[in-house]
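Residue-level structure breakdown
Next come the chains, spelled out residue by residue.
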Amino acid sequence: MTGAGARLCCVFTSFTASGVRKGGVFGRRFIISQHRNMAGGAPKIDFNTKHLKKDGRTSDFFPSEAQSHKIPERQWQLSTVIPPVPETPQFDRAVRTAGCVLRDPLPPFAGKLRVYNMRYCPYAQRTVLALNAKRVDYEVVNVNLVDKPEWLTTKSAFAKVPALEIADGVTIYESLVTVNYIDDVYPQRPLRARDPLRRAQDQILIEAIGPLENVLIKMVRAPETIDEAALKAYFKGWDLLQEELKKRGTSFFSGNEPGYVDYMIWPWIERLLAFQKKDERIKFDTPKYKLLGEYIQKMAKDPAISQYAVPDEVLLKFFEGFISGNIVYEL
Ligand SMILES: N[C@@H](CCC(=O)N[C@@H](CS)C(=O)NCC(=O)O)C(=O)O
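Residues numbered from 1 in each chain as written. Predicted model: local features only at pLDDT ≥ 70, side-chain atom pairs only at ≥ 80, totals over all residues. Heavy atoms only, no water.

What counts is decided by this rule: UniProt positions are given in the numbering used here, feature names are shortened, and annotations may be inferred rather than shown by experiment.
The chain carries the name Pyrimidodiazepine synthase in an unreviewed UniProt entry, which gives Eumeta variegata as its organism. Per UniProt, the chain has the following entry under Sequence similarities (unreviewed entry): "Belongs to the GST superfamily. Omega family."

Below you can see the structure in the form of structure tokens.
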């Protein structure tokens with residue numbers, strides 16, 4: 001559906017074990033994707049919010065209705081059922097990525113954990129990957145960040161994505177904050193290391209992608225500003241990652257399966273891989289980075305990642321919009 005038709009209806013998109021499915025029509029152009037990381041069965045409300053009011057207070061950042069929000073006892077239960085990993089599809093053009101705009105109403109909260117997202121946002125991808133890795137049931141509301149919906153500031157005081165709505169009107173934001181929360185609340189497949197030293201080292205590795213991120217930003221804003229210093233820092237960042245991977249001697253930074261560092265840095269790796277096709281200067285696909293190359297191949301096959309992957313050409317097309325000043329969300 002395109003044009004006027006698209007503005008008048010809402011497409012629910014479900015991810016199921018068998019593939020992406022388009023669902024019902026729902027008033028205006030809400031874009032909700034229901035990510036059902038469970039194969040079959042009724043969706044479970046399995047988020048634990050009891051700690052929010054541990055000492056009778058909630059953060060001032062929370063909208064006022066959240067202060068009086070009553071969380072039913074049953075919602076406090078943690079899901080101990082870990083559903084099988086769905087063989088979900090890759091990026092599918094049927095998934096609506098346009099997102100809510102200025103006057104679009106807020107889709108009513110239906111009791112399911114919700115991610116306010118932008119389909120090509122690397123930060124929001126962190127939240128999605130953590131949820132996918134833990135196979136938590138959630139839905140996505142895509143947002144147009146050029147023409148932001150009026151209600152966005154009630155979900156994130158910074159008016160950014162990701163924001164994670166854990167109960168009606170109770171929202172947290174900042175990608176790492178959301179992932180830490182998810183990791184604390186859903187005990188299955190812990191993402192962060194338990195050892196404080198390893199945890200600290202992991203945080204340093206996440207910081208190490210700063211120069212990579214810097215080059216990516218320049219790439220989408222003004223590639224001509226990528227100078228020698230930026231490239232030097234960029235390759236130093238890759239060196240650091242590879243050296244650490246070698247030192248750890250494991251398939252992934254977190255061990256035998258991807259964990260916190262892996263998922264938190266992946267969104268930038270994914271984008272830089274796409275940009276390497278356009279710009280020779282940032283290529284790290286050389287014998288020197290053999291270990292990293294193998295790591296990247298293994299990461300791309302991880303179900304949490306592959307079910308949310310965007311093809312390189314779509315990513316590049318989206319970022320072209322930054323350079324031309326005409327950002328298009330629905331590609
Ligand atoms: N530090 C934030 C950064 C989030 C962020 O910058 N998100 C971008 C989209 S990729 C955004 O919402 N931009 C809207 C704006 O800056 O107005 C995080 O880690 O979540």
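There's plenty left to go through after this.
**Considerations on the overall build of the chain**
Worth spelling out the cut-off: The way it works is that DSSP assigns letters per residue, a run of H or I at least four long becomes a helix, a run of E at least two long becomes a strand, and they are numbered from the N terminus. The buried label goes to any residue with under 20% of its type's maximum accessible area, the exposed label to any with over 50%, and the partly exposed label to all in between, with areas taken from a 1.4 Å probe on protein chains only. In this analysis, two residues are considered to be in contact whenever any of their non-hydrogen atoms come within 4.5 Å of each other. What sets the accessible areas is the Shrake-Rupley method with a 1.4 Å probe; for residues, cover comes only from the shown protein chains.
Tallying secondary structure elements over the chain gives 12 helices and seven strands in all. Taking all 331 residues of the chain together, the buried fraction comes to 54%. The contacts of the chain with a sequence gap of at least 6 include a subset with a gap of at least 24, amounting to 72%. Approximately 15300 Å² of the chain is accessible, and the part contributed by carbon and sulfur atoms is 55%.

**Focus on the packing of helix α3 (residues 122-134) against helix α9 (residues 260-276)**
Short version of the rule: Between the N-to-C directions of two axes lies an angle of 0 to 180 degrees, each axis being a line fitted to C-alpha atoms and, for a helix, fitted only over the stretch in contact. Throughout this description, any angle smaller than 35 degrees is read as roughly parallel, any larger than 145 degrees as roughly antiparallel, any in the 65 to 115 degree range as roughly perpendicular, and the remainder as oblique. Two helices that cross are described as forming a left-handed crossing if the nearer one is turned anticlockwise from the farther one by less than a right angle, and a right-handed crossing if clockwise. Put simply, Ala, Val, Leu, Ile, Met, Phe, Trp, Tyr, Cys and Pro go in the nonpolar bin, Asp, Glu, Lys and Arg in the charged bin, and everything else, Gly too, in the polar bin.
Here α3 crosses α9 at 125 degrees, and the two axes come no closer than 8 Å. One finds that α3 runs oblique with respect to α9. Judged by the sense of rotation from one axis to the other, the crossing of α3 with α9 is right-handed. For the pair α3 and α9, contact is made by P122, Y123, Q125, R126, L129 and A133 and by Y263, M264, W266, P267, W268, E270 and R271, respectively. Class assignment of the residues belonging to the contact of α3 with α9 gives a composition of nine nonpolar, one polar and three charged.

**Side note on the packing of helix α7 (residues 210-221) against helix α12 (residues 312-324)**
Two elements in contact, α7 and α12, have axes whose closest approach is 7 Å; the angle formed by their N-to-C orientations is 65 degrees. What the angle tells us is that α7 and α12 run roughly perpendicular. The segment α7 lies against α12, with M219, V220 and R221 engaging F319, F322 and I323. Considered class by class, the residues forming the contact of α7 with α12 number five nonpolar, no polar and one charged.

**As for the side chain of Q242**
Rule in force here: Residues adjacent in sequence count toward polar contacts only when both atoms are side-chain atoms; beyond that, a polar contact is any pair of N or O atoms within 3.5 Å, and within protein one must be able to donate a hydrogen and the other to accept it.
Within the element layout of this structure, Q242 appears in helix α8 (residues 228-248). Within the local environment of Q242, its side chain forms a polar contact with the backbone nitrogen of L291, the two atoms lying 3.4 Å apart. The residues touching Q242, leaving out its near neighbours within four places in the chain, are K288, Y289, K290, L291 and L292.

**Here we look at the site of the ligand**
Threshold: A cutoff of 4 Å decides nearness: a residue is near a molecule or strand if any of its heavy atoms lies inside that distance of it. Lining residues are defined by having an atom within 4 Å of a point belonging to a cavity or pocket. Those points lie on a 1 Å grid over the protein atoms alone, cavities being sets where a 1.4 Å probe fits but cannot get out and pockets being open sets with protein on both sides within 12 Å along at least five of seven lines. Whether a molecule lies in a cavity or pocket depends on its atoms, and more than half of them have to be within 2 Å of the grid points.
By nearness alone, every residue bordering the ligand is listed as C121, P122, Y123, L145, K148, K160, V161, P162, E174 and S175. At 2.9 Å, a backbone N or O of V161 approaches a nitrogen atom of the ligand. For the ligand, the accessible surface in isolation is 510 Å², of which the surrounding protein chains cover 73%. Assessed atom by atom at 2 Å from the grid points, the ligand resides in the largest pocket. Residues belonging to the shell around the ligand are distributed by class as follows: six nonpolar, one polar and three charged.

**A word on the pattern of salt bridges**
Selection criterion: Between Lys or Arg on one side and Asp or Glu on the other, a salt bridge is scored when a side-chain nitrogen of the former is within 4 Å of a carboxyl oxygen of the latter.
Applying the stated criterion across every chain, the model contains 16 salt bridges. Put simply, D137 and K112 hold a salt bridge, and the shortest N to O gap is 3.5 Å. Residue D137 is located in the loop between α3 and β5 (138-142), and its partner K112 is located in the loop between α2 (64-67) and β4 (114-117); the two are separated by 25 residues in the primary sequence. An identical accessibility class is assigned to D137 and K112; each is buried. Ionic pairing is found between D184 and R192, a salt bridge with its closest N-O pair at 2.3 Å. Judged by relative accessible area, D184 falls into the exposed class, the value being 57%. R192 sits in the buried class, given a relative accessible area of 13%.

**Brief notes about the pairing of β5**
As a reminder, the rule being used: Every crossover in which the path from the first strand over the helix to the second runs clockwise, viewed with the strands pointing away from the viewer, is termed right-handed.
Burial of β5 is extensive: five of the five residues sit out of reach of the surface. On β5, burial covers both faces: Y138, V140 and N142 on one face and E139 and V141 on the other are all buried. For the crossover that starts at β4, traverses α3 and ends in the parallel β5, the hand is right-handed.

**Points about the environment of D227**
Assignment of secondary structure puts D227 in the loop between α7 and α8. Under the relative-accessibility criterion, D227 is labelled partly exposed at 41%. Each C-alpha atom, one on D227 and one on V215, is 9.4 Å from the other, the two residues being 12 residues apart in sequence.

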